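Each chain is listed here by its residues.
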Amino acid sequence: MKFTTVAYKGSKRKLLPKIERLCEDSSYKTFFDGFSGTGIVSAYMRGKGYVVTANDLNHSSYIYGSVFLQGYNESVVEEKLKEINNLQPVDGWLTANYSGEKERVIRGTGGKKEIRPLGYTVANAMKIDAAREHVDTCRDLSTDDKNALVFSIILGADKVFNNSNDQKSSFKKWTPASQKPVCFKQPTVIQGPIGYQAQGDILGYKIDADIDYLVPPYSHGVLFASCYHLNDSIAKWDKPQLDHDYALPRPIDVCYRKNKQNAGGFYNKQTASDAFNYLIGESNYKRLIMSYSDAPRNTLSIEELIDICQSYGAVSLESYDHKICTQASNLNKISDELKEFFIIVDR
């Protein structure tokens, strides 16, 4: 089954059969997805019959997981989407801040200015504004149905955003995909046991599941709240105050480096070991599976993570060659080929 969700750095879509294989023991019934991101792992494992509980810090991830794990009324959402796709465009918050083109200083050019696209064409931004405003006026919606509509809007916006990698910048030319009219479609419906999606700091969450699947944000080069701030802004629709000094305006509360703030314990080499020890040590599981990629700028090495895990059970390791994502030439790559590791801890 194909699961439609947003583009994301480090997506585990291609690894889903391998994750399933590591969970094949017949005694495993419950599955915890600790850093659920796009919801792709949660959706897949629910479809395989597991009772899935998931958690993520970002509100957009809460929306994806809630839809995948709890479902929605398909007929209600289908009718509402017909309305939404035919709304009159609105010149709103998204249009004002993320549409059209603007002149800006190009990084690394010694102050040279060029006119560059922002995230969306004006026409698409106005349709997204109209859609998101409309959902908040629908007082007759259940929480599940509203979440499904918000997910539909994020998916539509993601398809026409002028960057396929993240939301920190826009390509210097409009892509063919970004110029297509935005369209809002129903999210994938998953068949399986009803699960639950939580939102919050995982270090404050009591994990209790047969399988504990973790993909912590162990690279200080990828701050997910900054990389996907537009998804969160559309999900919350709180129209945050923005810092316009970036290539794309960014909510002030996710300008971590500029504000000299720590994005969390896993992102900092000085605090990552303590965060991992607490996370694993306080979890109740039969098997822990941790995904790890030897990507640039990791806070901990694979050897350091294995050393931590050995305090909590019998450790085994599997590795796979994985297609490396595009990286800037000035980054210090750990290896020329990206490897995906599974650290498995059995109690």
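The numbering scheme is per chain: residues are counted from 1 as the chain's sequence reads. Only residues with pLDDT of at least 70 are given local features in this predicted model, and only at 80 or more are side-chain atom pairs given and counted; all residues enter the totals for whole chains, interfaces and linings. With hydrogens and water stripped out, all remaining heavy atoms of the structure feed into the side-chain values.

**A look at the side chain of Asp-158**
Alright, step 1. Secondary structure counts use DSSP, requiring at least four H or I residues in a row for a helix and at least two E residues in a row for a strand, with both numbered from the N terminus. Inspection of the secondary structure assignment puts Asp-158 in helix H7 (residues 143-159).
Alright, step 2. Of the side chains with opposite charge, Lys-159 comes closest to the buried, unpaired Asp-158, at an N-O distance of 6.2 Å.
Alright, step 3. If sequence neighbours within four positions are ignored, Asp-158 has contacts with Val-6 and Ala-7. Three labels apply to residues, based on accessible area from a 1.4 Å probe with only protein chains included: buried if under 20% of the type maximum, exposed if over 50%, partly exposed otherwise in between. Only four residue types enter the tally: Lys and Arg on the positive side, Asp and Glu on the negative side, with His and both chain ends excluded. One speaks of a salt bridge when a side-chain nitrogen belonging to Lys or Arg is within 4 Å of a carboxyl oxygen belonging to Asp or Glu. Working rule for contacts: check all heavy atoms of both residues, and any pair within 4.5 Å makes them a contact.

**Brief notes about empty space enclosed by the protein**
Alright, step 1. A cavity here means a set of points on a 1 Å grid, drawn over the protein atoms and nothing else, where a 1.4 Å probe fits but cannot get out; a pocket is an open set with protein on both sides within 12 Å along at least five of seven lines, and a residue lines either one if it has an atom within 4 Å of a point. Grid points are joined across faces, edges and corners, and a volume is the space filled by probe spheres set on the points. Per the stated rule, a full pass over the model turns up 1 cavity of 30 Å³ or more.
Alright, step 2. Of the volumes computed, that of the largest cavity is approximately 40 Å³.
Alright, step 3. What lines the largest cavity is Ala-7, Asp-158, Phe-161, Asn-163, Ser-164, Asn-165, Asp-166, Gln-167 and Tyr-228.
Alright, step 4. Following the grouping adopted for this structure description, the nonpolar residues are Ala, Val, Leu, Ile, Met, Phe, Trp, Tyr, Cys and Pro, the charged ones are Asp, Glu, Lys and Arg, and the polar ones are all others, Gly among them. Residues that form the lining of the largest cavity fall into these classes: 3 nonpolar, 4 polar and 2 charged.

**Comments concerning the state of the cysteines**
Alright, step 1. Disulfides are defined as pairs of cysteine sulfur atoms found within 2.5 Å of each other. Enumeration over the complete set of coordinates arrives at 0 disulfides.
Alright, step 2. Cys-309 provides the cysteine sulfur closest to Cys-23, a residue in no disulfide bond, and the two sulfurs are 16 Å apart.
Alright, step 3. With a relative accessible area of 0%, Cys-23 lands in the buried category.

**A word on the confidence of the model for the chain**
Alright, step 1. As a per-residue quantity, pLDDT reports the predictor's confidence and falls between 0 and 100. The predicted model of the chain averages 91 in pLDDT, with 95% of residues at 70 or higher.
Alright, step 2. The model gives residues 326-335 a pLDDT under 50, and that stretch makes 13 contacts with residues more than four places away or in other chains.

**Concerning the packing of helix H3 (residues 59-70) against H7**
Alright, step 1. Between H3 and H7, the least distance of the axes is 9 Å, while the angle of their chain directions is 120°. As judged from the angle between their axes, H3 and H7 are oblique. The way H3 lies across H7 gives a crossing that is left-handed. Where H3 abuts H7, its residues Ser-60, Ile-63, Tyr-64, Ser-66, Val-67, Phe-68 and Gln-70 lie against Asp-144, Asn-147, Ala-148, Val-150, Phe-151 and Ile-154.
Alright, step 2. Per-class residue counts for the contact of H3 with H7 are 8 nonpolar, 4 polar and 1 charged. Axis lines are fitted to C-alpha atoms, over the contacting stretch for helices. Their N-to-C directions set the angle, which ranges from 0 to 180 degrees. If an angle is under 35 degrees, it is roughly parallel; if it is over 145, roughly antiparallel; if it lies from 65 to 115, roughly perpendicular; otherwise it is oblique. Each crossing gets its handedness from the near helix: less than a right angle anticlockwise from the far helix is left-handed, clockwise is right-handed.

**Comments concerning the packing of aromatic side chains**
Alright, step 1. Side-chain rings of Phe, Tyr and Trp (the six-membered ring for Trp) are treated as a pair once their centres are within 6.5 Å; stacked means planes under 30 degrees apart, edge-to-face means over 60, and tilted covers the remaining angles. Per the stated rule, a full pass over the model turns up 16 aromatic pairs.
Alright, step 2. Residues Tyr-8 and Phe-224 carry aromatic rings whose centres are separated by 5.4 Å and whose planes lie at 20° to one another, so their mutual orientation is stacked. Of the two residues, Tyr-8 sits in the segment before helix H1 (16-21) while Phe-224 sits in helix H8 (residues 224-227), which places them 216 residues apart along the sequence.
Alright, step 3. Between the aromatic rings of Phe-32 and Tyr-205, the centroid separation amounts to 5.4 Å while the plane-to-plane angle is 25°, which identifies the pairing as stacked. Residue Phe-32 is found in strand S1 (residues 30-33), and its partner Tyr-205 is found in the loop between strand S5 (196-199) and strand S6 (211-214); the two are separated by 173 residues along the sequence.
Alright, step 4. Tyr-205 gets classed as partly exposed once you look at its relative accessible area, which sits at 27%.

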